[in-house]
Amino acid sequence: MILDRFKVTGKAAVVTGAGRGLGAAAAVALAEAGADVLLSARTAEQLEEVAGQVSAAGRKAVIVPADLSDLDATAALADRAAREFGRLDIVVNNVGGAMPRPFANTKPRHLAAAFAFNVETAHALTRAAVPHLLESDGAAVVNISSAVGRLAGRGYLAYGTAKAALAQYTKIAAADLAPKIRVNAVAVGAAATSALEIVVNDDNLRGQMEQATPLGRVGDPEDIAAAVVYLASPAGSYLTGKILEVDGGIQQPNLDLGIPDL
C-alpha cells in the first residue's frame, strides 16, 4: 500500500522549536505516523501540551526545555534522544527566526544573530546527530527554511539571507552525508502560527495576504507537517538536497511590510 510508505513506525525523532506552531505540528504528525519524539523549546508548559498529543497518538514523548540559541544545549539533544529511545532516525531543525527591519536599521549584528539562530543551530544538532543517524536504516534531516530565502521583499534582509543560507546548507550537507543520511528542507510560506498571530487575526491584513497568494489562503501548520512527514519517511527516500516549497504558489512575499523608499 502506498500509504505505508508515509509511515515512520518505530523511528525516533528530534524536533526543535516544538512547543508551538510548525514545530508542534511536525512533532505530532511524526507521532501519528509512528515515531517517538523528543521535543525541545524554551517553554516547558508548551512542550507538555504537545507531549500530550504525541502520547495520545500512542508514541513516547520526551521533553527537553532549553534555550536553543545555546549551541551546546542544541547539540546535546541528539545524544539525549538516542539514550531515551535507543536510536535516532529523524532530525527536524525548526528553531529559527528573525525580526523584520528596514535596511538602514539592520545592523551587522542582526545578520550575525539571524545566521546563528537559523543556520548554526541546525548544524550543531545535525552534526551531533550524525553518528546516531548512521546507525539508522532510513535517516533523514529536515530543515525548515522559508520562501523569503528565495524571494526578495523589503524588511527581510536578515531573515531571508539566513534562510537562503540554510537552503544552501541543506544542499551541501546532503552531498556530504549521502548516501546514508538524506537532508532536505521545506521552504515555508506564510502559515497561521503564533509568529503571524497579529497578521492572521487582522481581517484586512489576512485578506491582503490571501489575495497575494495564488491558492487564496494562508497555510496551515498541518500543510508544513505533512511535508515534513513526506521528507522524513520512506515516501521521500529518493530525495536529498532538495528544497520543497510549501507556500501557496507565491512568487513574491505576500506580506508587504510597508517600508518606504529611502
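The structure reproduced in this document is the subject of the present report. (Residues numbered from 1 in each chain as written. Predicted model: local features only at pLDDT ≥ 70, side-chain atom pairs only at ≥ 80, totals over all residues. Heavy atoms only, no water.)

### Describing the overall build of the chain
To keep it simple, the criterion reads: Secondary structure elements follow DSSP: runs of H or I no shorter than four residues count as helices, runs of E no shorter than two count as strands, and numbering proceeds from the N terminus. When accessible area is computed with a 1.4 Å probe and restricted to protein chains, residues below 20% of their type maximum are described as buried, those above 50% as exposed, and intermediate ones as partly exposed. Contacts are assigned to residue pairs with any non-hydrogen atoms lying within 4.5 Å of each other.
The helix and strand tally for the chain stands at 8 helices and 7 strands. Viewed in the frame of its principal axes, the chain has a C-alpha envelope of about 55 × 35 × 35 Å. Within the chain, the fraction of its 262 residues that count as buried is 48%. Put simply, of all contacts in the chain between residues at least 6 apart along the chain, 75% involve residues at least 24 apart.

### Some remarks on the packing of helix α1 (residues 21-32) against helix α2 (residues 44-56)
Which entries qualify depends on this criterion: The convention used is that axes are lines fitted to C-alpha atoms, helices contributing only their stretch in contact, and that angles between N-to-C directions extend from 0 to 180 degrees. By the definition adopted for this analysis, an angle is roughly parallel if under 35 degrees, roughly antiparallel if over 145, roughly perpendicular if from 65 to 115, and oblique otherwise. Handedness of a helix crossing follows the sense of rotation of the near helix relative to the far helix, less than a right angle counterclockwise being left-handed and clockwise being right-handed. Gly counts as polar in this scheme, as do all residues outside two lists: the nonpolar Ala, Val, Leu, Ile, Met, Phe, Trp, Tyr, Cys and Pro, and the charged Asp, Glu, Lys and Arg.
Remark: α1 packs on α2, axes separated minimally by 8 Å, with the N-to-C direction vectors making an angle of 20°. Viewed along their axes, α1 and α2 adopt a mutual orientation that is roughly parallel. The way α1 lies across α2 gives a crossing that is right-handed. Across the interface between the two elements, Ala 24, Ala 27, Val 28 and Ala 31 of α1 pack against Val 50, Gln 53 and Val 54 of α2. Among the residues making up the contact of α1 with α2, the classes are represented as 6 nonpolar, 1 polar and no charged.

### A word on the pattern of salt bridges
The condition is simple: Salt-bridge detection follows one rule: a side-chain nitrogen of Lys or Arg within 4 Å of a carboxyl oxygen of Asp or Glu.
Per the counting criterion, the structure on display carries 14 salt bridges. Between Lys 11 and Asp 137 there is a salt bridge whose closest N-O contact spans 2.4 Å. A residue pair is termed long-range when its members are at least 10 positions apart, and Lys 11 in the segment before β1 (12-16) and Asp 137 in the loop between α4 (108-133) and β5 (139-146) qualify at 126 residues. For Asp 137, a relative accessible area of 67% translates into the label exposed.

### Let's talk about the pairing of β1
Heads up, the rule is: A pair of strands is considered paired only if DSSP assigns at least 2 bridges between the two. The crossover handedness rule: strands pointing away from the viewer, path from first strand over the helix to second strand clockwise, crossover right-handed.
Across the 5 residues of β1, 5 count as buried, placing the element largely inside the fold. Of the two faces of β1, both are covered, the one formed by Ala 12, Val 14 and Thr 16 as well as the one formed by Ala 13 and Val 15. Of the pairings in the sheet, the one linking β1 to strand β2 (residues 36-41) comprises 5 bridges and is parallel in character. Following the sheet pairing, Ala 12 is matched in β2 by Asp 36. Each parallel crossover has a hand, and for β1 linked through α1 to β2 it is right-handed.

### A word on unusual backbone geometry
For the peptide bond that leads from Ala 178 to Pro 179, omega is 5°, which places it in the cis range. Structurally, Pro 179 is set in the loop between α5 (157-177) and β6 (181-188).

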